[in-house]
Amino acid sequence: MKRVTSACLLIALIFASFLVINVYETKDNIRVKNLGKTDHSFQFYITNTNKSASSELTFFKQLANKEHISIFRTDTQGKKLTLSSNQSSSIKAVSLLNSSI
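Owing to the predicted nature of the structure, the values given are computational and were not obtained by experimental measurement.

Parameters at a glance
- Residues numbered from 1 in each chain as written.
- Predicted model: local features only at pLDDT ≥ 70, side-chain atom pairs only at ≥ 80, totals over all residues.
- Heavy atoms only, no water.
- Helix = DSSP H or I, 4+ residues; strand = E, 2+ residues; numbered from the N terminus.
- Buried < 20%, exposed > 50% of the residue type's maximum accessible area, 1.4 Å probe, protein only.
- Areas by Shrake-Rupley, 256 points an atom, 1.4 Å probe, with all protein chains shown as cover.
- Salt bridge = Lys/Arg side-chain N within 4 Å of Asp/Glu carboxyl O.
- Polar contact = N/O pair within 3.5 Å; in protein donor to acceptor, adjacent residues only side chain to side chain.
- Patch = residues over 30% accessible without salt bridge, like charges linked within 9 Å, V, L, I, M, F, W, Y side chains within 5 Å.
- pLDDT = per-residue confidence, 0-100.
- Contact = heavy atoms within 4.5 Å.

(A) Structural context of the overall build of the protein. Within the protein one finds two helices and four strands. Seen in sequence order, the protein has helices and strands lined up from the N terminus as α-β-α-β-β-β. Of all 101 residues assigned to the protein, the portion counted as buried reaches 21%. Accessible surface, the protein: about 8,100 Å² in total, of which carbon and sulfur atoms supply 59%.

(B) Region of interest: the pattern of salt bridges. All chains considered together, the criterion is met by one salt bridge. Across the salt bridge formed by R31 and D28, the nearest N and O atoms sit 3.0 Å from each other. You can see R31 and its partner D28 sitting in helix α1 (residues 2-33), three residues apart, about one turn around the helix. With a relative accessible area of 47%, R31 lands in the partly exposed category.

(C) Just the environment of D28, in detail. By relative accessible area, D28 is classed as partly exposed at 33%. A distance of 3.0 Å separates the side chain of D28 from the side chain of R31, its partner in a polar contact.

(D) Fine view of a nonpolar patch on the surface. There is a patch of nonpolar side chains on the surface, built from L10, I11, L13, I14, F15, F18 and I21 and spanning about 740 Å² of accessible area. For I14, the position within the fold is in helix α1. Using a relative accessible area of 39% as the deciding quantity, one classes I14 as partly exposed.

(E) Here's a closer look at the confidence of the model for the protein. The predicted model of the protein has a mean per-residue pLDDT of 75, with 71% of residues at 70 or higher. Taken element by element, the predicted model of the protein shows its lowest mean pLDDT in strand β4 (residues 93-98) (48) and its highest in α1 (92). Here residues 88-93 is a poorly scored stretch, pLDDT under 50, and it has 16 contacts once near neighbours within four places are set aside; other chains count.

So this is what it looks like as structure tokens:
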């Protein structure tokens with residue numbers, strides 16, 4: 001009887017752990033998706049460019065440092081969302097959504 005109770009408690013603990021992990025993963029995904037969305041932010045897409053990805057990123061890093069803004073680069077690969085940022089101390093934010101990089 002003690003083993004059955006211990007086994008049930010172990011299974012309940014494992015399921016509770018999965019539930020907690022899932023809740024925090026979901027909150028983190030929502031936070032990442034809404035990171036560049038404020039009243040002072042906007043999004044733009046770069047497509048069909050003949051500049052290299054590294055030169056574009058260098059330009060946007062220099063722009064972020066000069067204008068004291070935060071630039072978020074968003075890439076999607078399959079179902080995974082990758083977000084890179086060049087943050088400075090400012091309220092302004094620009095979301096750079098790039099399908100060519």
